[in-house]
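# Chains, contacts and geometry: an overview
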Amino acid sequence: MRILSRTIFRELFLNAMLGITLFGSVLYLPLATNLFAVLVNSSGPPRTVAYLFALVLPQALPPAIPLGVLAGVLLTLSRMSADGEITAMRAAGVSGRRVIPPILLFGFLGMLAAGTASLWLTPWSIFERYHVLNQLIATQLTANVQARVFAEQFPDQILYVGDVPPAAPGAVVRWRNVFLADVTPPDRRGPGEAERGEDPWVVLAPEALAVPDNVNNRIQLSLKNSSTYGLGKDANYDISRDAHKDQMLQAQRPGEKAPSRPTQEMDTGPLYKLAYKNRTEDKARILEARVELHQRLALPFACILLAIVGVPLGITTRRGGKSSAVVLTVTLAFLYYIGMASLSKIARQGTLPAEIAGWIPNLAFALLGLAMLARLESPGDHDYWGRFVTFLRSAGRSPKRAPVGMLDNLRGRSWTPRFSLLAQIVDTYLLSGFVFYFVLWLVSFVLMYHVFTFFDILGEAIKHNVSMPRMLTYHFFLTARLVYWFAPVAVLASVLVVFGVLGKNNEVTAFKACGVSSYRLAAPILIAGALLSAALFVFDYRWVPAADRRQEEIYAEIKGKAAQTFARADRRWIFGLHNRIFFFKYFDPEQKVMLGVNVYEIDGSHFRLIKHISAERARWSQELDKWVFENGWSREMADHVNKYDNFAGSTRTFAELEEKPDYFDIDKGVKPSLQMNYRELQAEIADLKQSGFDTVALQVQLQKKFSLPLFALILAIVAVPFAFQSGYRGAMAGVGISFGIFIAYWAADKWSEQLGVSNLLSPMVAAWSPDLIFSLFGLYFLARMRT
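In this report, we go over the structure that sits alongside the text. Every value quoted in this text rests on a predicted model; they were computed, and no experiment measured them. (Residues numbered from 1 in each chain as written. Predicted model: local features only at pLDDT ≥ 70, side-chain atom pairs only at ≥ 80, totals over all residues. Heavy atoms only, no water.)

### What to know about the sheet that holds strand β5 (residues 218–231)
The cut-off we apply is this: Pairing between two strands requires that DSSP report at least two bridges joining them. Secondary structure elements follow DSSP: runs of H or I of four or more residues count as helices, runs of E of two or more count as strands, with numbering from the N terminus.
Here six strands make up an open sheet; going across it, the order is β1-β2-β3-β4-β5-β6 and the pairing antiparallel. Of all strands in the sheet, those with a lone pairing partner are β1 (150–151) and β6 (237–250), marking the two edges. Relative to β6, β5 runs antiparallel, the two being bridged by 13 bridges. Bridged to Gln-220 within β6 is Met-248.

### What to know about helix α16 (residues 518–542)
The criterion, for reference: Here a helix's expected span is defined as the number of its residues, less one, multiplied by 1.5 Å. For every residue, the accessible area obtained with a 1.4 Å probe (protein chains only) is divided by the maximum for its type, and the residue is called buried under 20%, exposed over 50%, and partly exposed between those limits.
With 25 residues, α16 ought to run about 36 Å at 1.5 Å a step, and its terminal C-alpha atoms sit 36 Å apart, in line with that. By the burial criterion, the buried members of α16 are Ser-518, Arg-520, Leu-521, Ala-522, Pro-524, Ile-525, Ala-528, Gly-529, Leu-532, Ser-533, Leu-536 and Asp-540.

### Details of a nonpolar patch on the surface
Rule in force here: Think of a patch as exposed residues, more than 30% relative accessible area, with no salt bridge, where like charges cluster within 9 Å and nonpolar side chains (Val, Leu, Ile, Met, Phe, Trp, Tyr) cluster within 5 Å. Per-residue accessibility takes into account occlusion by the displayed protein chains alone, with areas from the Shrake-Rupley method and a 1.4 Å probe. In the sections that follow, a salt bridge refers to a side-chain nitrogen of Lys or Arg positioned within 4 Å of a carboxyl oxygen of Asp or Glu.
Judged by side-chain polarity, Leu-105, Phe-108, Leu-109 and Leu-112 come together as a nonpolar surface patch covering roughly 340 Å² of accessible area. Checked against the element boundaries, Phe-108 lands in helix α5 (residues 100–139).

### Here we look at the packing of helix α14 (residues 468–504) against α16
Rules: Each axis is a line fitted through C-alpha atoms, and for a helix only the stretch in contact is used; angles between axes span 0 to 180 degrees, taken between their N-to-C directions. Should an angle fall under 35 degrees it is taken as roughly parallel, and over 145 as roughly antiparallel, whereas 65 to 115 is taken as roughly perpendicular and any remaining angle as oblique. Any pair of residues with heavy atoms lying within 4.5 Å of one another is described as a contacting pair. Amino acids are sorted into nonpolar (Ala, Val, Leu, Ile, Met, Phe, Trp, Tyr, Cys and Pro), charged (Asp, Glu, Lys and Arg) and polar (every other residue, Gly among them).
For the pair α14 and α16, the least separation of the axes is 11 Å and the interaxial angle reads 175°. Between α14 and α16, the interaxial angle falls into the category roughly antiparallel. Contacts from Ala-480, Arg-481, Val-483, Tyr-484, Ala-487, Pro-488, Val-491, Val-495 and Phe-499 in α14 reach Leu-521, Ala-522, Ile-525, Leu-532, Leu-536, Phe-539 and Asp-540 in α16. Of the residues assigned to the contact of α14 with α16, the class counts are 14 nonpolar, no polar and two charged.

### Quick look at unusual backbone geometry
Phi at Lys-592 is positive, roughly 60°, even though this residue is not glycine. When you line up the elements, Lys-592 lands in the loop between β9 (586–588) and β10 (593–603). Even without being glycine, Asn-631 reaches a positive phi, approximately 55°. Mapped onto the elements, Asn-631 comes out in strand β12 (residues 626–637). Residue classification places Asn-631 among the partly exposed residues on the basis of a relative accessible area of 29%.

Structure representation (structure tokens):
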């Protein structure tokens, strides 16, 4: 290999590794997000959880390696073209096609790596990940009881605990104010329980010791000073007291997790046999196997084909710069993967053979690359991409002001007063570059996520006959959430790129020579970050929740879920006002009628039952503004029944019941936290809290409504000192640093969120700790920055 080839190969390797890291991170983060819940709640060893995180990585490699190769080609050749090296080669009599051999060699090596990942590593990692995950599920105690929440994971038993003090995993825990209801149907009761009536029997205890049994997936309860209440078949009301009573709570095991497409976890050999050797399987399964097989085979060849397309594009891109090369990579990837996804959908419908559909994108890019290479050295070639980027850049700044003229103005402005806080020429210059790169990176990140999301859910869309316009509608409404998510990291990348380019071109030194400090240079960027944080908060308050509702509805359709309005889970047990618990078998919100209703009024000081109301029916009277109970009875009690009121065949009202029909509306629509603004979420939390439902996760999300938008400003603060330190390395060094910082923030955010959901941190601390950590980190380096 000659000197030129070695030089190109070395730079190509470094840029391709950066591209693989960049695109692989975008693919890895969504796949690994759900594992943070396993990390916090799992009883498995940390090594096993870390192994799960590592198993996600191979899934990102097959699509990331071709994109990394394309990015490496475009970055290397666009840099050579911008620096005049391609022109120098041609002037020395060396054709531009001389760069093709090392690029093809690198593309071949990338094809081998992608083929290994696609044909062997990825199927094995998917199979192994679900195997390890199901092992953790099988050995993990699922009875995670939380305070003031109705626990329904115990078959035929409802548990409510007033207070759950923190305890070490697997240790004995002490519960306070325990309410346990036995709702076992009569046909499943034991021999000693045959005389019980149909209504639930309840046990109340002011204190209980809970010993988890992970092996048998149950909890051994030791109740102290418990009281048992229930109505027998003979209409006798039984009350019993026990100083010590043991109770076993057997928890349900969750179902095992499995991939959405089973063919994804099959090795390539068995997959080939299923696709072409098996005659007994269902035709749809065979067709799915053929599509999966040819995707695995075709994807590695994209390394060579995308590299061929990248050669003429990289050589002719002279003014776009490296950042534009990344955007061009995303654009080509979008075309390639959209073509592959669309053709896969057609193949799964049986319209086009899988053997043809899987290879058409490769054929199209091969023809495109060869056609562009054929006219690479023809006279009169034009840098269309560079002209387009230059036009976009010039749109945000005055065409009459160049950097040199700006510096001259800064030296001789004695004729005008200085108002350092008002917008100056330097501010316009910096902000124009910041806005350009911000839009550039934001569009790139959003488009990149759209590409891989489209490819990921295409199989489900085909399976459930979701049309292409419906899919595009889903992506349209998904864009709002993606903009909200990626805006902070776009700020981070933009700041690093802007100041990185200034530093590499020695413009920062020129500014300092004119008396402009680094803090003054950073001021407009920080102000822009603050304004953007405020804009993100307003964006999330007004537009994002509505868009989330629409895209979630379409996503449920893509996944084949039944049409729904996100109704609440069954609320037959509700904690009412003033230590009162309601149980009913059915509630009609339109007629405002409850059937099979029981009301348990509890003495909060001793945690014993003081009143029990039971009726066949209760209806809301608008005239009386009260619940009218029909055909039932009420009992007031201490150690025994003190007062009994039988209103069989008549009605009764109870003035102490202040709960109105809206309180029991089990069909009232509820939206996930992402689909509500902070005011709606506050009201939802207050409602659920009063009814005895778990609101910890919602409280964390409420705090994040305020903490997440602020991170745009925090990342700008963090980015400024790093940008000045890494400026001589150029824009792409800034991109690499930005992704390192963003991944650190993403991990800290998900980790703290799961700690908050698990009650190991308060909701406010869980939501705000990443902001606090990174703001202190950024302010420290900002204070030490050389000005």
